[in-house]
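The residues making up each chain are set out below.
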Amino acid sequence: MNPLLTPASLDELVEAVRSTPRVLVVGARTKPRLSAVPDVALLSMTGLRGIIEYDPTEFTFTALAGTPVREIAAALGEKGQYLPFDPMLGEAGATLGGTVAAGLNGPGRFRYGGVRDFILGVRFVDGSGRLLRLGGKVVKNAAGFDLPKFFTGSLGRFGVLAEITFKVFPRPASTLTLRLPAEDAAGVTRILTAAASTRWELDALDASLDESAVCTRLAGPVPAIDALAGEILARWPGRKLSPEEAQTTWSEAAEFSWAHPGGVLVKVALTPAQLPALSALGRNLAGARLRATNGGNAAFLSLPTPLDAARLGEGLRALGIAALTLRGDAPLWPAGRDKPAIASAVKAALDPQNRFPSLDD
Amino acid sequence: MSLSPILTRLAALLPAGRLLTGPAQLASYESDGLTAFQERPLAVAVPETADEVVALVRFCHAERLPFVARGSGTSLSGGSLPIKEGIVITLNRLNRILRLDPAQRFAVVQPGVINAQVSVAAAPHGLHYAPDPSSQSICTIGGNVAFNSGGAHCLKHGMTSNHVLGIKAVLATGEVVEWGGASREQVGPDWCGLFVGNEGLFGIALEITLQLLPKSECFHTVLAGYRTLEQAGDAVSAIVASGLLPGAIEIMDALALEAASAAVHAEYPPGCEAVLIVELEGPRETVAVERVRLDEIIAASGPVEARPARDAEERLAIWKGRKSAFSAVGRLSPDFIVQDGVVPRRRLGEALRHINAWSREMGVRCANVFHAGDGNLHPLILYDGRVPGALERAEALAGRILKMCVAMGGSITGEHGVGVEKRQYLPDMFSVDEIDCMKRIAAAFDPCSIANPGKMFPVAGALALVQHGLHPLEKAGLISRE
Ligand SMILES: Cc1cc2nc3c(=O)[nH]c(=O)nc-3n(C[C@H](O)[C@H](O)[C@H](O)COP(=O)(O)OP(=O)(O)OC[C@H]3O[C@@H](n4cnc5c(N)ncnc54)[C@H](O)[C@@H]3O)c2cc1C
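On a predicted model such as this, the values are computed, not experimentally measured, just so you know.

Calculation criteria
Residues numbered from 1 in each chain as written. Chains lettered and ligands numbered in written order. Predicted model: local features only at pLDDT ≥ 70, side-chain atom pairs only at ≥ 80, totals over all residues. Heavy atoms only, no water. Helix = DSSP H or I, 4+ residues; strand = E, 2+ residues; numbered from the N terminus. Rg over C-alpha atoms; globule rule 2.2 N^0.38 Å. Buried < 20%, exposed > 50% of the residue type's maximum accessible area, 1.4 Å probe, protein only. Contact = heavy atoms within 4.5 Å. Areas by Shrake-Rupley, 256 points an atom, 1.4 Å probe, with all protein chains shown as cover. Expected span 1.5 Å × (residues − 1). Salt bridge = Lys/Arg side-chain N within 4 Å of Asp/Glu carboxyl O. Buried area = accessible area lost by both parts, 1.4 Å probe. Polar contact = N/O pair within 3.5 Å; in protein donor to acceptor, adjacent residues only side chain to side chain. Nonpolar A, V, L, I, M, F, W, Y, C, P; charged D, E, K, R; others polar. Pairing = 2+ DSSP bridges. Near = heavy atom within 4 Å. Axes fitted to C-alpha atoms, helices over the stretch in contact; angles between N-to-C directions. Parallel < 35°, antiparallel > 145°, perpendicular 65-115°, else oblique. Left-handed = near helix turned anticlockwise from the far one by under 90°. pLDDT = per-residue confidence, 0-100. Core = buried A, V, L, I, M, F, W, Y, C linked by side-chain atoms within 4.5 Å. Domains from an automatic or database assignment. Arc of directions from axis to C-beta.

**Q** Mind showing me how you'd approach the overall build of chain B here?
**A** When helices and strands are counted, chain B shows 17 helices and 18 strands. Computed over C-alpha atoms, the radius of gyration of chain B comes to 22 Å, within 12% of the 23 Å expected from 2.2 N^0.38 for 482 residues, which places it in the range of a compact globule. Taken along its principal axes, the extent of the C-alpha atoms in chain B is 70 × 60 × 45 Å. Classification of the 482 residues of chain B by burial places 62% in the buried group.

**Q** Hey, could you run me through the overall build of chain A in this one?
**A** A tally of helices and strands in chain A yields 12 helices and 18 strands. Taken over C-alpha atoms, the radius of gyration comes to 20 Å for chain A, in line with the 21 Å a tight globule of 361 residues would show. Taking as baseline every contact in chain A between residues at least 6 positions apart, the subset at least 24 positions apart corresponds to 70%. For chain A, the exposed area adds up to about 12,300 Å²; of that, 52% sits on carbon and sulfur atoms.

**Q** Hey, could you run me through helix 10 (residues 284–300) of chain B in this one?
**A** Turn by turn, an α-helix covers 3.6 residues, leaving residues three or four places apart pointing in a common direction. Helix length check: helix 10 of chain B (17 residues) gives 24 Å between terminal C-alpha atoms against 24 Å at 1.5 Å per residue, within 8%. Along helix 10 of chain B, the positions that sit buried rather than exposed are B:Glu285, B:Thr286, B:Val287, B:Glu290, B:Leu294, B:Ile297 and B:Ile298. On its buried face, helix 10 of chain B is in contact with helix 8 (222–235) of chain A together with strand 12 (218–226), helix 8 (229–241), strand 14 (274–282) and strand 15 (305–308) of chain B.

**Q** Help me out: how do you make sense of the pattern of salt bridges in this one?
**A** Opposite charge on two side chains lets them pair, provided their charged atoms get close. A complete count under the given rule lists 54 salt bridges over all chains for this structure. Linking A:Arg130 and B:Asp436 is a salt bridge whose minimum nitrogen-to-oxygen distance equals 2.7 Å. Of this pair, A:Arg130 sits in the loop between strand 7 (119–125) and strand 8 (131–135) while B:Asp436 sits in helix 16 (residues 432–445), each in a different chain. Residue A:Arg130 is classed as buried on the basis of its relative accessible area, which comes to 13%. Using a relative accessible area of 28% as the deciding quantity, one classes B:Asp436 as partly exposed. For B:Asp340, the salt bridge identified is with B:Lys422, shortest N-O distance 3.6 Å. Of this pair, B:Asp340 sits in the loop between strand 16 (335–338) and helix 13 (348–362) while B:Lys422 sits in the loop between helix 14 (390–407) and helix 15 (426–429); the two residues are 82 residues apart in sequence, bridging distant segments of the chain. Overall, B:Lys422 belongs to the buried group, its relative accessible area being 1%. Beyond isolated ion pairs, a larger network of salt bridges with shared partners links A:Asp86, A:Arg111, A:Glu201, A:Asp203, A:Arg217, B:Lys156 and B:Glu281.

**Q** How should the interface of chain A and chain B be read in this particular structure?
**A** Frequently, the measure chosen for interface size is the accessible area that the parts lose on association. The interface is formed by 75 residues belonging to chain A together with 83 residues belonging to chain B. Across the chain A/chain B interface, buried area totals approximately 6,200 Å², and carbon plus sulfur atoms make up 61% of it. Among the residues of chain A in contact with chain B, A:Lys140, A:Phe145 and A:Arg199 are the three that bury the most area, contributing 14% of the side total. Across the contact surface, chain A and chain B share 12 salt bridges. Put simply, A:Arg116 and B:Asp190 hold a salt bridge, and the shortest N to O gap is 2.5 Å. Our count for the chain A to chain B interface comes out at 32 residue pairs in polar contact (both at pLDDT 80 or more). Ranked by residue count, the leading element in the side of chain A that touches chain B is helix 12 (residues 341–350) of chain A, at seven residues. For the side of chain A that touches chain B, the per-class residue count stands at 42 nonpolar, 16 polar and 17 charged.

**Q** So what exactly am I meant to see when it comes to the pairing of strand 13 (residues 248–253) of chain B here?
**A** Within a regular strand, the side chains alternate between the two sheet faces. All names here are of chain B. With six of its six residues buried, strand 13 lies for the most part within the structure. Here strand 13 shows a buried face lined by Ala 248, Glu 250 and Met 252 and a second buried face lined by Ile 249, Ile 251 and Asp 253. Here six bridges tie strand 13 to strand 14, and the two strands are oriented antiparallel to one another. Its bridge partner being in strand 14, Ala 248 is matched across the sheet by Glu 279. Sheet topology places strand 13 next to strand 17 (residues 366–370); two bridges connect them, and they run antiparallel. What sits directly across from Met 252, in strand 17, is Val 369.

**Q** Mind showing me how you'd approach the site of the ligand here?
**A** Residue and element names in this part refer to chain B. Not every one of the 34 residues close to the ligand is listed here, only the nearest: Ala 69, Gly 71, Thr 74, Ser 135 and Thr 140. One of the backbone nitrogen or oxygen atoms of Gly 73 is found 2.7 Å away from an oxygen atom of the ligand. Protein contacts shield 95% of the accessible area of the ligand, which totals 970 Å² for the unbound molecule. For the shell around the ligand, the elements supplying multiple residues, two or more each, are strand 3 (67–70), helix 5 (141–147) and strand 10 (203–211). Counting residues per element, the shell around the ligand draws most heavily on helix 5, which supplies five residues.

**Q** Even after reading the chapter, I still don't get the packing of helix 13 of chain B against helix 14 of chain B, so can you show me in this structure?
**A** Each pair of packed helices gets described by two things: the angle between the helix axes and the distance between those axes. All names here are of chain B. At their nearest, the axes of helix 13 and helix 14 sit 11 Å apart, and the two run at 160° to each other. Comparing their axes, helix 14 and helix 13 come out roughly antiparallel. The interaxial crossing formed by helix 13 with helix 14 has right-handed handedness. Taken together, the residues of helix 14 that come into contact with helix 13 (itself represented by Ala 351, His 354, Ile 355, Trp 358, Ser 359, Glu 361 and Met 362) are Arg 393, Ala 396, Leu 397, Arg 400, Ile 401 and Met 404. Taken together, the residues of the contact of helix 13 with helix 14 sort by class into eight nonpolar, two polar and three charged.

**Q** Any chance you could explain the confidence of the model for chain B here in plain terms?
**A** Interpretation of the predicted coordinates at a detailed level should be avoided for regions scoring low in pLDDT. Residues and elements named next belong to chain B. Of all residues in chain B, 95% have pLDDT values of 70 or greater, and the mean over the chain is 92. Here residues 464–468 scores under 50 on pLDDT; set against residues more than four positions off or in separate chains, the count is 16 contacts. In this model, residues 476–482 is a region of pLDDT below 50 whose contacts with residues beyond four sequence positions or in other chains number 16 contacts. Here the predicted complex carries an ipTM of 0.97, next to a pTM of 0.96.

**Q** What is the right way to read unusual backbone geometry from this model?
**A** Trans is the prevailing form of peptide bonds, just as negative phi is the prevailing case for residues other than glycine. With a phi angle near 60°, A:Phe59 is a residue other than glycine that sits in the positive phi range. Mapped onto the elements of the fold, A:Phe59 is located in the loop between strand 4 (51–55) and strand 5 (60–64). Exposure remark for A:Phe59: the relative accessible area of 2% places this residue in the buried category. Although it is not a glycine, B:Ser449 sits at a positive phi angle of roughly 55°. Here B:Ser449 is to be found in the loop between helix 16 and helix 17 (472–475).

**Q** Looking at this structure, how should I read the nonpolar core?
**A** Grouped burial of nonpolar side chains is what soluble globular proteins tend to show. Ranked by internal contacts, the top residues of the largest apolar core, which has 164 residues, are A:Phe145, A:Phe166, A:Phe256 and B:Phe445. Take this core: its biggest share by element is 10 residues, from helix 14 of chain B. Sequence-distant contacts of A:Phe256, defined by excluding residues within four places in its chain, comprise A:Met88, A:Leu89, A:Leu104, A:Leu265, A:Phe300, A:Leu326 and A:Arg327.

**Q** Quick question: what am I supposed to make of the domain arrangement of chain B here?
**A** As assigned here, chain B comprises domain 1 (5–90), domain 2 (97–214), domain 3 (218–328) and domain 4 (333–443 + 458–475). For domain 1 of chain B and domain 3 of chain B, the distance between their C-alpha centroids amounts to 42 Å.

**Q** Honestly, the environment of A:Pro170 in this entry has me stumped. Any pointers?
**A** Tracing the backbone shows A:Pro170 in strand 10 (residues 169–170). Measuring from C-alpha to C-alpha, the distance between A:Pro170 and A:Ala101 comes to 25 Å, with 69 residues separating the pair along the chain. Once residues within four sequence positions are removed from consideration, A:Pro170 is found in contact with A:Phe59, A:Gly80, A:Gln81, A:Tyr82, B:Gly243, B:Leu244 and B:Leu245.

**Q** Explain the sheet that holds strand 2 (residues 23–26) of chain A to me, please; I cannot follow it from the model alone.
**A** What links the strands of a sheet is backbone hydrogen bonding, and the strands pair in either a parallel or an antiparallel sense. Residues and elements named next belong to chain A. Strand order in the open sheet formed by three strands is 1-3-2, and the pairing between neighbours is parallel. On the outer flanks of this sheet lie strand 1 (4–5) and strand 2, each paired with one strand and no other. Summarising the sheet, strand 2 and strand 3 (residues 41–44) pair through four bridges and their orientation is parallel. If you follow Val 23 over to strand 3, its bridge partner there is Ala 41.

**Q** It is not clear to me how helix 1 (residues 10–18) of chain A should be interpreted in this structure. Could you clarify?
**A** Residues and elements named next belong to chain A. Within the sequence span of helix 1, burial applies to Leu 10, Leu 13, Val 14, Ala 16 and Val 17. Angular distribution of buried residues about the axis of helix 1 spans 160°; they occupy a single face of the element. Looking at the packing, one finds that the buried side of helix 1 touches strand 1, strand 3, strand 5, strand 7, strand 8 and strand 9 (160–167).

Next up, the structure:
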């Protein structure tokens, strides 16, 4: 068992980092593989929660990193705003800091961008135990290096995020979800690719490869999205989902409730053209389930057991597709990863004493 | 004239004629868009391939020879100002679009590709490259990447960084790295995100993968004139509060309007202290609904006159007036400095009141054109470099404005970068430890301090300013402020 530290204030957070030679920050541990590191003390952020500043007219908010994204979504929702990348695992309790560190985007990523595109500033504790603020609190800022972006996907290995500032957008007036069945993975890919290049400005573009069906969401004023839906359904066979069905569909996607409980869950970054090959790879692994998101630029692959993880890794490497294991007993980087010299130099710059584990731990 | 030994060795890396060393050849590289600073480099290297760039950087690393990468030299913060004891590596000849994949909507370009050319190449496929700095017809993607450049459409579409998917670069250590790629997703730390906005301190971008977006089908662009700047600012707040998400919200003040009228014969409603430009974009069905809403909000905001563009031509005319504002203001005055501080949007009116008051008090004229939706100011501070003390007064006003932006919780720069010009103000935004952290990161990329040294971070002893400056390319008769 890893010892657990639970700071309740920023001062305690700094103190916890300074006094612990080997430490890894965790949020609600909804992506447990990311923090499955032996021999480190875990630093839980769940005691550091709450929105510090939120001014709807500025389109920005600042919150402590341990704040559950669900709480943030509720506060923004009251003012008719939202984080357009649809933070994942909200119902499971995912925190804002964990969402950034995991670099995990939901279906809405398709339209306006992901975590990296909406993060504006961070306060973080570096490996020397200094509480630093980089980036800004306004929607636009070009002063200094863009460390906030770098922290997206950095898995807590370069610093402990304490406080994060985000840009938000007004929430569209209404949404409408369509389900478009296809013949096979190639058919799914054709729809994803074609739909992404249209005038429709789709809000989300996902697909289940197991069911060979595309799920797309329109967002905007009711008359407009009704008209666009008509045009889409004239191009491809399919149907409108009822509001309840739509709700279930997107919450299933956000919560990974389609994935195997207790299995291996892997995120992959790919291009839509690689999707059929990834789907073929999945079909060769016993019981694998595969969902594409972000118009086929990302996918989540779920295996019932870790047994096939090595074959998955080999397959991904052969396809040149990068991957990250979110949960389950599989290598953190199933397809390996590049290790340029600069990566260790930047790690040494932010964490000279290797207080935080490395990306390979 | 015989070359120094180091330049002789350097020249051997390139075919004959591609290391410029003559004073006349160097003259056009002495400044960038911030003409108040000038410096003559030892030489200018003109590579034509990525391999040549790598060889040059590795040479510089081995010889501890400072280098400044240069695109088109339009930086407004002195980012591409040469270093006296170093060389300039100019990237204009690496100007090919290496790949354009319309189905997957991305382009791979060399750093010297001009921003607007990406959209030109993408246009036949119904696609475009969203970031649109006003300098888009001349500035390069390499420069845009180094500065995380913005434009009028940042509110909805973001800046350069939000559109960069992959970067191949040679770092100042000589290491060649490739980050990201054609996918719009990634796993692991966002190295591309860190590289964008590095101001030339990390190395040289060799290939950049850009995301392309479908061109918006429909626009609704409204130009509205207001009696006072305050009213224009209130209109912005009302639009933002309405839940609409316009592609752009811009304001020009009276002096900027006067300049644009003279330069491009744009016609604005008479007697206005400010003009607001708001643009909705999207599928025609969406715009049809949202424009009604926008028109109501604007009508309720008490404009002197509101003019919706009736067709594509009128829309382009509105944007032409806006985008020519910098160069137009240049006609009002022999010299000017452009600031680009950011304030929280709700404090725009207050910020402008201060700027106007200081401008009167200090006797320095100042025109304002700005990205109101982002709270990104662009005060154009006019001066005549031939008048003793004028530049110093202009800089003093600029300094007051920057400090005000920080005090209001904003930033010293929204999109032009810190460069040389604002480096002394970096400590107003960041603590000693924060600057130390950034310096450590810079040193990780560039342990020998050879990549654009002297930029972004404060240095002891200010640079000597020249009295008066046209852009070197203007002096050479190659460009004019049209
Ligand atoms: C009239 C006018 C209007 C402008 N409008 C806007 C605007 O609306 N929005 C905005 O953001 N900016 C604007 N700018 C500023 C300027 O155009 C941008 O900063 C632009 O990105 C600079 O591009 P460039 O090719 O001229 O780069 P340069 O000025 O040549 O270089 C800029 C910086 O980039 C570095 N660099 C260049 N190429 C590379 C490379 N390949 N790899 C690494 N580093 C590199 C240089 O070392 C330097 O630090 C404007 C400038 C002018 C003159």
